[in-house]
Structures are given as C-alpha cells and as structure tokens.
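Letter by letter, the chains look like this.
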Amino acid sequence: MTRTDTASPALELDDLSVAYHVRGRDLPVLSNVTLTIRRGEAYGLVGESGSGKSTVALALQRVLPANGRISGGHARVAGKDVATLGSAALRQMRARDVAMVFQDPGKALNPSLTVGRQMAEVFEILGAAGKERYRRGEEMLGRVRISDPARVMASFPHQLSGGMQQRVVIAMALAKDPALLILDEPTTGLDATIEAEVLDLVDTLRQEFGAAILFISHNLAAVASLCSRVGVLYAGRLVEEGPARALFADPRHPYTAGLLRCLPRAGFKGGPALDNIPGFPPPPGSITRGCVFAPRCGLAEERCRAEEPPLYAIGSGRGSRCHFHDRVDDLPRMSEPPQVNSPERGPNVEPVLKLEHLSKTYKLPGDRRVQALRDVSLSLAPGETLGLVGESGSGKSTLANLVLGLAEHDAGGRISLDGTAIAPSVHARPREAVKSVQIVFQNPDSALNRAHTVKHLIGRAVERLAGVGGAERDGRVKRLLEAVRLTPRQLPAKPRQLSGGMKQRVAVARAFAADPRVIVCDEPTSALDVSVQSAILNLLTELQAERQVSYILISHDLGVVRHLSDRIAVMYLGRLMEIGPARSVLQGPHHPYTEALLSAAPTVTGERGTRIKLEGQIPSPVNPPTGCVFNTRCPRKFAKICETEEPGFAPDAEGHAIRCHLPREKLGRGRTGPGAPAAAETAASG
Amino acid sequence: MSATAEGIETPEGEAAPAGPAIRAERSTLGILLRSPAFLIGAGIVLFWAFCAAFAPAFVPYDPLADDLLNTLAPPSAEHWFGTDQIGRDVFSRVLVGARDILTIAPLATLLGTALGTAVGLVMGYFGGWVDAIIGRLIEVLLSLPLIIVALMVLVALGPATPTVIIVVGLVFTPLVARTVRAAVLSERHLDYVPAAAVRGEGALHVMFVEILPNIWPPIIVEATVRLGYAIFTIASLSFLGFGVQPPSPDWGLAIAENYGVLVGGFWWTVVPATVATASLVVGVNLVAEGLQRALAE
C-alpha cells in the first residue's frame, strides 16, 4: 500500500475544541487541545474518567454523538482535516487511515460470526477478492503471533480467551495498515500477564508496521511501558505533555504530580500512606476563569484563579499548563493518615480465620468434575492482610466464596473462626459468624442495589448483622458513614447520585456494619480512578488499624497488594503455589510463577526487567497437568519429576512456603518491587 | 472533613460525567410528556376512564331504558347515534358501556401481573430444575389458544364477572412470568445478590426487596401491553356470551346483540361500540409503547 502523503504527521490536533449540546447549552468537553503524533510514534493520553480522553478518539474520526461537535480548531489525520472532509473522503479516511481498538474485545467482535468471516470482511472493504480475503486474514493473524491461525479463523469469538480476542481485534485494526492506531484502554480487564503480552505485541507491531499509536489509558504504568511521549488530560485540557520517562520521573504539573503520588508503587505495608487529590473534577463548563485545576491544587494562588495558564514550554519538548511549573516539587501532601504497622504474628497469636484442606469440586454435565480449589490451608491473624494473587481462573474467587459461605466447600475441609468450626453455607451459620465475615466487591455499581438509598443499604446490613433496629440502627448508620468519611447528607441518596469513590465508601461501610473480623476485598479499587483508589486504600488501612479487622485482598494490581498486604498467597489452577510474608514473596526466592507475574507488571518509570513469558494458556482445570500443575508453562522446568510428582509445600522458619521442586537457592529473586531495578538473571540463566 | 480524600458534596451536586456519556438527564415523566404517541394514547384512555366513572351522570338517556315505539332509529339530533333493536339510545350506551370493560380488564391484568411476577421471580432466582419444570409448564400453556382455554373454563364454571377476572388473569400469568424471568436473569448476576446473601438474607427478601424494585420498568410495560390484550379478550368473551351479561351496555355484548341487524343496514347499532373498543385498545397500546421507549432511555 502506498501513501501519497507520508511527510505529514499521523495526527495533528491544532487547538481542537469539542462541545456537547446539553439542555440548550454548549458544554466544552475539550478545550484547545494541541498535540502532534509523528509517524511510527506511540503517544499516551492519560487522564481520569471524564477528562475527555475518549472524546479525542471520537472527534478525530468524526464519530461524536449526535449532540457533540468540533467547536474550534482542527484535527488532521495523515494531513487530512477531518472537519472538512466530504462523506466519501471521510469514509475513505476511516477505512484506510485510522483504526481503533476498544476496551472490551468481547464486545468488539460479532459473537455470531466466525473470526474468519470477520477478518475476511476487513479485506473485503480493502478490495481483496473472495479467497484472497481469507488467505490474507489468516496471514494477518499470524502476524499478531497467533500460533494456530487456521484454528482461530474457524472459531467463534466466545471460544477464544480474552487475550486472544484482543489479538484478533488488533489484527483487524492493523490489517488496513493504518497511519494511526487508536487503542482505548485495550488492556483494562485483562490479566497482568496477558496485559504485558498485549503491550509487548503492540510495541513490536508498531515497529513492524510503522503505525503511529494513540494509547488512551488511565493506567499510568501501561502508558509508561509503551509510549515515548505522554499527554495528561484534565477537564478537557492538555495540562502537561512531554517524553514519558521525563514526565513521570519529574512531573511539572501539580495534577500529574498528584496522580503519581496516588499510585501505590514503592514500599510495603507500614510505609507512608498514599497521597490523594482532594475534590472532584469540575463539570464541563463550570470553570470559566483561571486554571481548571486551581480548586483542587495545593499550589494555587490568586493568580491561578484569575488567569488561565498558557502551555509553558519547559525545554526538551515538554510543556505544562501551570503558572508555577517550576515549583511542583513543593506541592504539599494532601493527606497524612497514621502509619500502620504489621500486626504481631507468632505461635502465641490465635488466628482469627483458619482454613484447613479446603477443596471445591463442581460437577459438569456428563459426569465430569472440575476442581476449582484444591487442598488450600492457610490462616489469618487479627489485623492482618493476606494478598491473594493469580490469573483469572486460579481459584481466588472460589476461595473467597467458600470463606463467605456463598459456595460450600467439599467434605473434608474445615473453616474455623476464632477457633470454632463454622458451617460451609452462610445460611447455616449463626449470626455471629455471618457478621464476622464480610466482603467489599470490585464494582460498587453492581454490589449496591440501585433501587435502595444509602440509608437502606447500610441500615439493612446493621439490622441483619447487628440485630438492632430503630434509633439504635440509625445511630450506627451515622457512625459508619462518618467512619468512611461520608456525611448524613448522603443518607437519602441512591447510588447513581454518588461518585464512584463515594459508592465504594458506602460498600465499605456496609461491610463494617457489625464489627466484622474478616473482610474479603475483591479487587476493591480496580473499578476506580487512580486518585479515588488511593483514598479508598487509605481508608481501608485506617479502618484496619482502628478495628483490628483482617483482610483477604484479591487484586491483580501488585502495587496495591504490596501496599496493603502483610502476607501474600499466590494461586494457580486452584492450588496455593506460594505463601509467605509479603517481603519474602516479592523479593524472593520465589516460585517461578510468582516471578513471571512480577515480571509482567508494568511500572510507571517505564523500566522493566526481563519479561518472563509464560507459554500457552492456563490449562483446563477439568484435566489439570500431572505432577506440578505449573509444569506445562514453567520456564524453569528442569526434570521429569516436575511432570510426575507434585512438589511439597513446607514452610520455612518465617512461614514462607513454595510449591516447587527446585531448591530455594536456585529459585529466582525478583526485583525489590515495581520501580526497582531488575534482577532476573537467575531466571534467564536457569 | 478537610482531610477527606475526595471531598464531600451533596448528592445533587454530582459532577456530570464528561465525554460521550453526556446527556441531559431527563426524568421518565419528562420524556413521556414529550412523546406524542403517549399523549394521544393517554388522552384516549383517560377519556374512556372518565366516561366509565361519570357517564351515567351526564348521558342524555338512561342506557337501559327501552323505547319500543322508537327502535332502530337512525342517528338524529335527538339520538346522536340512533337507537338499537329495543329503542335504547346508542350514544348513552356506548359511553356508559366503558364501565364494565374498564373494571374487569384492569383487575384481570393486575391479577395476571402479580401472579406472573411472583412466578417469574421464582423461576429466575432459583433457576435450575425449578426453572426447567415451570418453564415447560408455561410452554404447554402457551401452546394452547388462550381464548379457547378461557372459554373452556368459563363454560365449566359458568360466566360471572369474578370468574372472568380470574380466568383472564390466570391465562396472562405465564406470559408475564416469562418477561419477569428474563428481567430477573439480568439482575441475578449482579453483586448485590451475593451481597444480600453474605448478610444472611433469605430467598424471599432477595426476590422481593432486592430484585423486584429493579425490574419495575419491564413489568409496567408488560402490564400495559397485557391490559390492551385483556380489553380485547374480554370484549371477545362478552361477544361470545361468556363475559359481561345483559342488560349491561358493555361494548362486546352490544356488538353481539346487534350484529344480526347489520345486514339490514342498521350500522349505527354496532359501529360505535366497535370503534370504542378499537380506540381503547389502540390508546392502551400507544401508552405501552410510550412507556417502553421512555423507560428504555
């Protein structure tokens, strides 16, 4: 494919403004955004929900919703001004020059057509003949490193894993050899290992195809690992721009600096609390004078509220829309909750929760069985946090459900709470046990009944769990609201009237309704924006220090796990592969699987150790591998014994157990943490 | 409060989400009042409801009073819609005739909706074999022509207004149950269901307090659609002699009594009741459509 105009940049936004017409008013959603993406360059656009990131992607393809329009400036894709293109030229531009990959590949693919049919469609648009379309589709799948393109072509989307689906979508996008590839949160919702694979793939393909990439994400680390330049969007304005490394290492806008301080990236539990950004992003059009960030900025002065800052150039291709861009280092911390130290743990501390030989077998049609959890034993001390990590399908949620009594464990296992065995099903447990084990779900939109008010949501939990009603209940509801930093003003509100962070606070308050002993936190912050995430993490830390509650924290974000956990358990295919103090598990020596998980986590500094790639998919739990269940994907598999014998799981003196045949001195030692230099040589040579 | 992470604001002050999600949040009522279909439908239904309630007070003649000296009189200034075979004023009878149908049809719909909602909740919530067994039963019921089923029961039990209500209600139950079941299934997987379980709530609470308030929109739409069918079904039953009984001025009954003289050219004895029935069904359906659109937004 030849392109007449290869000299012009892939994307040029020149003072682009977009407005949505709402209730007779034009609300500015993007204001004077100027940025350029050169051919072959990867540009990251970061910002929280509502910042206008996705509007950029829509505007430059001219697919804004009916009430939206480009109200000023220009967007040029490969030199063509999208605002002035005629309908034929516009279609041509969308068909040839721009391709977009959306967040959820499951929704981007048509579930009723085979992948082959959908791939062929792309080439049909490009004018390929009948059989040629399929041949080129298959070839394209090969180029996105799908090892068996013929099989994938014949498959329906639901028969593929999430990572594989995203590869297919990327293949379709790249099929037309676009000048600009837009990736809108392409890895949100994927496992860390798959996210890493997809990011690596995109990076390789960028070099192969020479396509420019506009990478839109709220995940700063993912952006840092892929992009060479980054723009930070806040309330529709590009507040800072620059080379990725320099920008993340030394932010020159208080908003960027605030976001970075919100990230749990260094240090273990007991370290300083995360910072946060107070307040909320302004509704579009609400701030007409001065700097949009001033109401939330710790550096703001009179001048900021009066005069909108221009984009100050600060050398080496960097710019910041802050009057005081040279004083960002002085940005005061916005929160200072008390530090929390890890609880005492030893033989004399009675565990609050003890799981012994828990297994869970599900029956499948046709007399097949799948063991979702196998022989898990662990204990939890009062005030302790156990981080639970592993890919989807590793059994984390099953374990949580067994503890909560939402699913019943197989006979032979035992769950004890404060030394007393409790029934497998929540319906058979006494109230004392029910109130002691609670959960904070991942998504408050789903976990809070949208038909009920905050008062009812928390009140009902108090009523059921504490067994009190009337004024006593109302008093407790008020105290719980205060504990999660909400006010009685929120009592009559329904969930949709609250922001994401406030909703999650209500969910936390509900879990704390009646002095719980153990709370399962199932990805408690992954549905939230970075600045809100840090506030919720701080809240969980504070409540734990106050009330000596124990957490079982399920998260795919290793930064979050590191920040909150005293101990970490790593699960794979329903088995515990490793368990031990957070520091030992993360720093090593650790299990090869843990090592691979750690190496997959991108860091905001953009540095990454040697990526340890896991070959293939998680095996089917219906038919798990013999011997060590990890042997089919293990990069450190060394002998026949891995396939024949399941390794032992004996803990060392500090309670660190690793299910691996390799002796400890041969096991990998990881980086000391995301952000620290890599030390994966052992893995490379082993 | 100043240490608060995200700050506090009144729930009403919630920041509007920017981006493509921006849309003026309009109340369902606001949308309805701007929908011509809904307004026309609601106008027709309200007109007939008004007639059902107050027509006896203002119609020019007693709808039951016969006048054997003036039978089958064509429309005139005296009798706007003429008179029927025994000289009753057709105009008065049509207006008052709304009364029976607008009592029986809503009650039957209410019964069918209530029962159907309960059955649908049970099917959707429990799933598994409960769902499978009730599901098969519903399929068997739905495979029979409804009007025939209703007729058989009415023949067996004898026509009486409460029987008509119960029979039509029961006939509608499986239809409503199917809709409710589908709505429950889309709620069932949301986390508020396990969230209720971990505080030890029983099945009844989860079904009726947690799930039911979230599935009102499809239930209301279904009930309105059913009301249209109920009017139609009950008018048919009356026409066949198993619904409302004489001497009521009911429309279906009026058509049945007079269609024999239609061939003689006495169209005014039948057409007003026919148009009235049709307009009411159309009105209810317009309301249903308006509701469906408004609630879908």
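Residues numbered from 1 in each chain as written. Chains lettered and ligands numbered in written order. Predicted model: local features only at pLDDT ≥ 70, side-chain atom pairs only at ≥ 80, totals over all residues.

## Re the overall build of chain B
No. 1: Check the secondary structure of chain B and you find 12 helices and 0 strands.
No. 2: Listing each helix as α and each strand as β along chain B from the N terminus yields α-α-α-α-α-α-α-α-α-α-α-α.
No. 3: Relative to the globule expectation of 19 Å for 297 residues, the C-alpha radius of gyration of chain B, 24 Å, shows a markedly less compact shape.
No. 4: Pairs at least 24 residues apart make up 72% of the contacts formed inside chain B by residues separated by at least 6 positions. (Helix = DSSP H or I, 4+ residues; strand = E, 2+ residues; numbered from the N terminus. Rg over C-alpha atoms; globule rule 2.2 N^0.38 Å. Contact = placed C-beta atoms within 7 Å.)

## Considering the domain arrangement of chain A
All names here are of chain A.
No. 1: Under the domain assignment, chain A is made up of domain 1 (11-97 + 178-246) and domain 2 (353-565).
No. 2: Here the C-alpha centre of domain 2 lies 37 Å away from the C-alpha centre of domain 1.
No. 3: Each partner contributes to the interface: domain 1 provides 7 residues, whereas domain 2 provides 6 residues.
No. 4: Residues belonging to the side of domain 1 that touches domain 2 are distributed by class as follows: 2 nonpolar, 3 polar and 2 charged. (Domains from an automatic or database assignment. Nonpolar A, V, L, I, M, F, W, Y, C, P; charged D, E, K, R; others polar.)

## So, the sheet that holds strand E5 (residues 80-81) of chain A
Residues and elements named next belong to chain A.
No. 1: Taken in spatial order, the 4 strands line up as E2-E1-E4-E5 in an open sheet, and their pairing is antiparallel. Each edge of the open sheet carries a strand with a single partner, namely strand E2 (25-37) and E5.
No. 2: Here helix H1 (residues 53-60) sits on the sheet and contacts strand E1 (11-22), E2 and strand E4 (68-77); the angle it forms with E2, its principal contact strand, is near 80°. (Pairing = 2+ DSSP bridges. Axes fitted to C-alpha atoms, helices over the stretch in contact; angles between N-to-C directions.)

## Focus on the pairing of strand E19 (residues 518-522) of chain A
Successive side chains on a regular strand alternate, one facing one side of the sheet and the next facing the other.
Residue and element names in this part refer to chain A.
No. 1: A large share of E19 lies buried, amounting to 5 of its 5 residues.
No. 2: Neither face of E19 is open: one carries Val 518, Val 520 and Asp 522, the other Ile 519 and Cys 521, and all of them are buried.
No. 3: With 4 bridges connecting them, strand E18 (residues 437-440) and E19 associate as parallel partners. Paired with Gln 438 across the two strands is Ile 519, which belongs to E19.
No. 4: Bridging between E19 and strand E20 (residues 550-554) involves 5 bridges; their strand directions are parallel. Looking at the pairing, Asp 522 lines up with Ile 554 of E20. (Buried ≥ 20, exposed ≤ 12 C-beta atoms within 10 Å, placed from the backbone.)

## Points about the confidence of the model for chain B
All names here are of chain B.
No. 1: Mean pLDDT over chain B: 86, with 91% of residues reaching 70 or higher.
No. 2: Ignoring residues within four places in sequence, the model shows residues 1-25, a span with pLDDT below 50, making 59 contacts including any to other chains.
No. 3: Model confidence for the complex is summarised by a pTM of 0.84, with the ipTM given as 0.81. (pLDDT = per-residue confidence, 0-100.)

## Focus on helix H11 (residues 251-258) of chain B
All names here are of chain B.
No. 1: In terms of residue burial, H11 counts as a mostly covered element, since 8 of its 8 residues are buried.
No. 2: Among all positions of H11, only Trp 251, Gly 252, Leu 253, Ala 254, Ile 255, Ala 256, Glu 257 and Asn 258 are buried.
No. 3: Of the surrounding elements, those touching the buried residues of H11 are helix H3 (90-96), helix H4 (98-126), helix H10 (216-240) and helix H12 (271-296).

## Description of the pairing of strand E8 (residues 212-217) of chain A
All names here are of chain A.
No. 1: Where burial is concerned, most of E8 is hidden: 6 out of the 6 residues are buried.
No. 2: Of the two faces of E8, the one holding Ala 212, Leu 214 and Ile 216 and the one holding Ile 213, Phe 215 and Ser 217 are both buried throughout.
No. 3: Examined bridge by bridge, strand E3 (residues 42-46) and E8 share 5 bridges and lie parallel to one another. Residue pairing across strands places Val 46 opposite Ser 217, the latter belonging to E8.
No. 4: Pairing of strand E7 (residues 180-184) with E8, which is carried by 5 bridges, proceeds in the parallel orientation. Opposite Leu 180, over in E8, you have Ala 212 as the bridge partner.
No. 5: On the question of chirality, the crossover connecting E7 to the parallel E8 by way of helix H8 (residues 192-209) is right-handed. (Right-handed = clockwise from strand over helix to strand, strands pointing away.)

## Topic: the UniProt feature "domain: ABC transporter" (unreviewed entry) in chain A
No. 1: Taking the numbering used here, the UniProt-annotated feature "domain: ABC transporter" (unreviewed entry) corresponds to residues 11-260 and 353-598 of chain A.
No. 2: As annotated, residues 11-260 of chain A has a helix share of 42% and a strand share of 28%, and its two end C-alpha atoms lie 27 Å apart. (UniProt positions renumbered as here; feature names shortened; annotations may be inferred.)

## Quick word on the environment of A:Met93
Residues and elements named next belong to chain A.
No. 1: Among the secondary structure elements, Met 93 is positioned in helix H2 (residues 87-96).
No. 2: Remark: the alpha-carbon pair of Met 93 and Val 77, spanning 16 residues in sequence, is separated by 8.1 Å.
No. 3: Discounting residues that sit within four places of it in the chain, Met 93 has contacts with Val 77, Lys 80, Val 82, Leu 85 and Val 98.

## Some points on unusual backbone geometry
No. 1: Each neighbour pair has its own omega, and for B:Pro246 with B:Pro247 the value is 10°, a cis peptide bond.
No. 2: Inspection of the secondary structure puts B:Pro247 in the loop between H10 and H11.
No. 3: In this model, A:Arg145 sits at a positive phi of 65°, which is unusual for a non-glycine residue.
No. 4: Looking at the element boundaries, A:Arg145 is found in the loop between helix H5 (130-143) and helix H6 (149-154).
No. 5: Since 13 C-beta atoms lie within 10 Å of it, A:Arg145 is described here as partly exposed.

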